[in-house]
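Residue strings, one per chain:
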Amino acid sequence: MADPPGCCSTCATCLLCPYSCQWITAKKQKRKGLRTTKCDCSWFLFLFCVFLFTLVWLYFAIIILNDFHNFNEFIFRQRKLWLDWSLVLLIATAMLISYSSVLLVLALCLQLCGQPLKLHWVHKILLILTALVVAAAFTGLGIKWAEEWKSARISLQATGPFLHIGTVGGMTLLAWPLASFIYRTRNTGLRVFLLLVYWAAMIALYLAPLGITSPCIMEENQLPPKPALVGHRGAPMLAPENTLMSLHKAVECDVQVFETDVMVSADGVPFLMHDEELTRTTNVQAVFPERAAQSTAFNWTDLQQLDAGSWFLERRPFPTVQSLSPGDRNETVKQRIPSLEQALEAAKESNISIMFDLRPENHSDYQNFVNVTLGVILESGIPLQQVLWLPDGFREDVKQQAPGVQQVYGRKRLKNEKEPVLHVNLPYQDMSSEEIRQYRQDNISVNLYVVNQPWLFSVLWCSGVSSVTTNACQVLKEMKHPIWLLPSSTYLMIWIVVDCVSFLIIIWAFILLKKCSHRRRPAESETDVLLTKINSLMQE
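The protein appears in an unreviewed UniProt entry as GDPD2 inositolphosphodiesterase from Gymnorhina tibicen. Word for word, the UniProt comment on the protein under Sequence similarities (unreviewed entry) is "Belongs to the glycerophosphoryl diester phosphodiesterase family." What UniProt states about the protein under its Subcellular location (unreviewed entry) heading is, verbatim, "Membrane".

Spelled out as structure tokens, the structure:
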């Protein structure tokens, strides 16, 4: 196999060395008669599949970053170990995709240079391990975090048009090594098969936009108002969650609702706390080392002794902790567990609403928890329309005692509702764009949680959601417009231009490489004749 013009022997050797793990010059390779066998082609196909597999996992890894704080909390509750596992995920994924990408680029360059694709056994083992690791990651995702498959579906509404353009571009570039291989191989059946598969894939890609839908493909004047922001436990990227500092930081981010979680102490004082144990967000193990850390087992006096802020600086649950000012750091270490009464007073002064869950729902004294909490609300003097009630337990009693409280349901409306549902609070994976639009038309307020990434906020904004619960209020506050918004006519034009340019480049690649192959064949024929004559003379 002769090297095509422009591919020097040194370049071919440098490409062959890392791929085959042996230093062999192009001339020695010719003398040894090394050629790409069917087995080598099979390993190249496996390499290509592993690359695509890791690329898909990279996409998933980026998508699930929106919800990764939940995973960190889950690991802490199970192992009492805090670590930002998103960094581990991204580093491992980057290593896998980089390795398979480098190997694939080397293989394509070797093919263009006419060199054999002799993949070394070490690479074969590493590729198999890469495929197994990624398969295990997908399996674990499906078993323990199945809702992320819905997140991936939603993400396609934000990335679909751009994934289409990128995929068309990548497949277009693939035409060069494919054409080079087709013009070199003498197997007619293989040529026909590869051409049919390639063009079938390209035609499917050219027509893919027919199945791509996104709420952000609309005219500018059709864009709904920006969703209101609900601070998830306040502003947990800027201050310790469920503290008064977090509430005030949320107010600075222009949130309209402070979302929190309420528990009731052993002596009947409602206070802000998410976890059923105090371990993650306080120093309870240092202050009360011999006591169980159950949140509702402590009286209010004991709870006031706990530091609810220092953990934020020590564990750094979000990267934003590193950028806190000295003043914010000093205020952080002074934070204590706030009572519901204190939170209601702060919300009233800041003129924001407060929405909360009452935990734990399975507690034997839950009805008393409801009554105590409701009593604090009524005594606080906060306008009842600023209180959004989430708990489902004993909801009818709450309606009777405090009819002005806004009832927020953690489910979709039913067909035969006795009373109209005006507010729903759901995970963002549980509502489609069509359902959001329908609820909006019916004047039902839809709040979706937890939305941290701008791409997800953009999709929900275009869909017409009323509000979103977020950890990243400081990020979403700055967004004045969705990340992208395309009129349908503009998207149609982009689609047609990309497909046409791609088709012309592919045709040009096949024509150009065909001419190059014709120029090489006479030289190869003369060389073969000369070698035959030399061989016959030696035999005589």
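A. Structural view of the overall build of the protein. Summing up its helical and strand segments, the protein has 21 helices and nine strands in all. For the protein, the C-alpha atoms occupy an extent of roughly 115 × 55 × 40 Å along the three principal directions. Out of the 540 residues in the protein, the part that is buried amounts to 47%. For the protein, the proportion of contacts with a sequence separation of at least 24, taken over those separated by at least 6, is 68%. As displayed, the protein has an accessible area near 26,900 Å², and 62% of this comes from carbon and sulfur atoms. Charge separation in the protein, taken as the distance between the mean sites of 47 positive and 46 negative side-chain charges, equals 18 Å.

B. Just the pairing of strand E9 (residues 467–470), in detail. Here E9 shows no split at all, with Ser-467 and Thr-469 on one side and Val-468 and Thr-470 on the other all buried. Both strand E1 (residues 228–232) and E9 contribute to a ladder of four bridges, which runs parallel. Its bridge partner lying in E9, Leu-229 is registered against Val-468. Summarising the sheet, strand E8 (residues 445–449) and E9 pair through two bridges and their orientation is parallel. The partner of Leu-448 across the bridge, within E9, is Val-468. In this region the chain leaves E8, passes through helix H19 (residues 454–463) and returns to the parallel neighbour E9; the handedness of that crossover is right-handed.

C. Region of interest: the pairing of strand E7 (residues 423–427). Where burial is concerned, most of E7 is hidden: five out of the five residues are buried. Where E7 and E8 come together, five bridges link them in parallel fashion. Counted as the bridge partner of His-423 is Ser-445 from E8. Traced from E7 through helix H18 (residues 433–441) to E8, the parallel crossover comes out right-handed.

Conventions and cut-offs
Residues numbered from 1 in each chain as written. Predicted model: local features only at pLDDT ≥ 70, side-chain atom pairs only at ≥ 80, totals over all residues. Heavy atoms only, no water. UniProt positions renumbered as here; feature names shortened; annotations may be inferred. Helix = DSSP H or I, 4+ residues; strand = E, 2+ residues; numbered from the N terminus. Buried < 20%, exposed > 50% of the residue type's maximum accessible area, 1.4 Å probe, protein only. Contact = heavy atoms within 4.5 Å. Areas by Shrake-Rupley, 256 points an atom, 1.4 Å probe, with all protein chains shown as cover. Lys, Arg positive; Asp, Glu negative; His and termini not counted. Charge placed at Lys NZ, Arg CZ, Asp CG, Glu CD. Pairing = 2+ DSSP bridges. Right-handed = clockwise from strand over helix to strand, strands pointing away.

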